[in-house]
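Secondary and tertiary structure notes
Each chain, written out:
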Amino acid sequence: MLVLGIESSCDETGVALYHSERGLLAHRLHSQIAMHTEYGGVVPELASRDHIRRVLPLTESCLAEAGATLDELDAIAFTQGPGLAGALLVGASVANALGFALQKPVIGVHHLEGHLLSPLLAEPRPAFPFVALLVSGGHTQLMAVRGIGEYELLGETVDDAAGEAFDKSAKLLGLGYPGGPALSKLADQGDAKRFKLPRPMLHSGDLDFSFSGLKTAVLNLVQQQSPLDDTTRADICAAFQEAIVEVLTKKCLAALKQTGMQRLVIAGGVGANRQLRAGLDDAAARRRYQVFYPPLALCTDNGAMIAYAGAMRLKHARHDYSYGAKPRWPLDSLPVA
Ligand code: ATP
Ligand code: MG
Ligand code: FE
């Protein structure tokens, strides 16, 4: 079965073709980061307009790469939510229109389920059940995953998401938007021991997180050390990254212990962080847990994870061409596949 996947929930237009026997045949991405940079964040109206410009050319280029035609599609999957309403509507409208024109079934995919299943696009693939850490720009959640649609929330952030903490701290350090990758790069040159930052909720006894205090601690440091020289900036980055990696790693271990599960799966943009991967690999190896990651290019938003999640939920595809967007859509309301 050949599934077209369309992602347009935020500032990335992603399109991909996934075949249930042959795997990922093609994927294309257009990031709007450069367009939003001068505003210091995503401008929703600009995002929607740019998705409109990109989605069909990306689709054509995917089909060309896969040597496939629209007629050969078995279903069209798109990100129905959560995300920016106007941006989501672009994906929904394109999926509705393509489905109607081709008389193919359409399926609305939950963006976080896409992230959550993206490690299944890598080899080796994790088997169910597993503990999943979803660390993205908008979410930080630990989940027990027993199958597609069988998600039990174990803990989550009570304020900022980990990616958001990276981005906000990066902004305070003058590293632009979204600064997560830039902060991480600079951290590699810094001394993590020069400044001591808090490890929020490390000993809270539950699986929840809090990152807004960490960002405030970075703000205080920046003010204290101002004007920042390059060394100090790198040292603050290193201290920040070490704090966040330690909290994420320890809470993952606690979740594995609590559930008795052996496999840990990381998903979402912060899963691209090298220090986090190294910390998790190291901690897991010492306890004989296995850790799985998405392919590096599929950590942040992309169409491949949407095509894949759609393929896993083919029986929910419908000849319905009136899908709307679901800007707010709780993950635990999904049916079991
Ligand atoms: P959500 O999926 O929760 O709606 P999102 O789609 O914006 O949020 P993703 O695309 O999964 O989130 O990830 C983007 C986030 O990942 C940003 O906050 C970005 O800074 C962060 N990020 C990407 N690469 C790295 C890295 N190497 N180190 C740290 N953070 C990173
Ligand atoms: Mg993004
Ligand atoms: Fe995302």
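With an unreviewed UniProt entry as reference, the chain is termed tRNA N6-adenosine threonylcarbamoyltransferase, source organism Chitiniphilus shinanonensis. The annotation that UniProt attaches to the chain under Sequence similarities (unreviewed entry) is "Belongs to the KAE1 / TsaD family." Taken from UniProt, the Catalytic activity (unreviewed entry) comment for the chain reads in full: "L-threonylcarbamoyladenylate + adenosine(37) in tRNA = N(6)-L-threonylcarbamoyladenosine(37) in tRNA + AMP + H(+)".

1. Description of the environment of Gly-205
Within the secondary structure layout, Gly-205 lies in the loop between α6 (180-187) and α7 (212-225). Overall, the relative accessible area of 77% leaves Gly-205 in the exposed class. Separated by 49 residues in the primary sequence, Gly-205 and Ala-254 have C-alpha atoms spaced 9.1 Å apart.

2. Quick look at the environment of Leu-197
For Leu-197, the position within the fold is in the loop between α6 and α7. Each C-alpha atom, one on Leu-197 and one on Ala-309, is 38 Å from the other, the two residues being 112 residues apart in sequence. Those residues within four positions of Leu-197 in sequence are excluded, and the remaining contacts are Leu-214, Ala-217, Val-218, Leu-221, Ile-236, Ala-239, Phe-240 and Ala-243.

3. Digging into the coordination of the iron ion (ligand 3)
Surrounding the iron ion (ligand 3) are the protein donor atoms His-111 (NE2), His-115 (NE2) and Asp-301 (OD), which sit 2.1 Å from the metal. Each donor residue of the iron ion (ligand 3) belongs to the same chain, and together they define the spacing H-x3-H-x185-D. Here His-111 pairs with His-115, and both are found in helix α4 (residues 111-117), just four residues apart, close to one helical turn.

4. A few points about the coordination of the magnesium ion (ligand 2)
The coordination sphere of the magnesium ion (ligand 2) contains the protein donors Asp-11 (OD) and Glu-12 (OE), at a distance range of 2.5 Å. Looking at Asp-11, the relative accessible area reads 8%, which means it is buried. The class of Glu-12 is buried, set by a relative accessible area of 10%.

5. What about the sheet that holds strand β2 (residues 12-19)?
Taken in spatial order, the five strands of this open sheet run β3-β2-β1-β4-β5, and their pairing is mixed. A single partner strand is all that each edge strand has here, and the edge strands are β3 (23-31) and β5 (106-110). Taken over all neighbouring pairs, the strand axes of this sheet differ in orientation by 20 degrees on average, direction set aside. Bridge count for strand β1 (residues 2-7) against strand β4 (residues 75-81) is four bridges, and the pairing is parallel. From the neighbouring strand, Ile-6 faces β4, where its bridge partner is Phe-78. Across the sheet, helix α10 (residues 304-312) lies against β1, β2, β3, β4 and β5, angled at about 135 degrees from β1, the strand it touches most.

6. Comments concerning the layout of surface pockets
Of the volumes computed, that of the largest pocket is approximately 1,500 Å³. The wall of the largest pocket is formed by 49 residues, among which Ser-136, Gly-137, Gly-138, His-139 and Gly-163 lie closest to the centre. Of all the secondary structure elements, the ones that give two or more residues to the lining of the largest pocket are α4, β7 (140-147), β8 (150-156), α5 (162-172) and α6. Counting residues per element, the lining of the largest pocket draws most heavily on α5, which supplies six residues. Quantified by volume, the second largest pocket comes out at close to 220 Å³. Lining the second largest pocket are 14 residues; nearest its centre among them are Gln-80, Ile-107, Gly-108, His-316 and Trp-329. Among the elements that take part in the lining of the second largest pocket, β5 stands out by supplying four residues, more than any other.

7. Concerning the packing of α5 against α7
In the contact formed by α5 and α7, the axes pass within 9 Å of each other and the chain directions differ by 10 degrees. Accordingly, the angle class assigned to the pair α5 and α7 is roughly parallel. On α7, the residues that touch Lys-168, Ser-169 and Leu-172 of α5 are Lys-215, Val-218, Leu-219 and Val-222. Tallied by class, residues from the contact of α5 with α7 come to four nonpolar, one polar and two charged.

About the criteria used
- Residues numbered from 1 in each chain as written.
- Chains lettered and ligands numbered in written order.
- Predicted model: local features only at pLDDT ≥ 70, side-chain atom pairs only at ≥ 80, totals over all residues.
- Heavy atoms only, no water.
- UniProt positions renumbered as here; feature names shortened; annotations may be inferred.
- Helix = DSSP H or I, 4+ residues; strand = E, 2+ residues; numbered from the N terminus.
- Buried < 20%, exposed > 50% of the residue type's maximum accessible area, 1.4 Å probe, protein only.
- Contact = heavy atoms within 4.5 Å.
- Donors = N, O, S within 2.8 Å, 3.2 Å for Na, K, Ca; no water.
- Pairing = 2+ DSSP bridges.
- Axes fitted to C-alpha atoms, helices over the stretch in contact; angles between N-to-C directions.
- 1 Å grid on protein atoms, 1.4 Å probe; cavity = no way out; pocket = protein on both sides within 12 Å on 5 of 7 lines; lining within 4 Å.
- Points joined across faces, edges and corners; volume = space filled by probe spheres on them.
- Parallel < 35°, antiparallel > 145°, perpendicular 65-115°, else oblique.
- Nonpolar A, V, L, I, M, F, W, Y, C, P; charged D, E, K, R; others polar.

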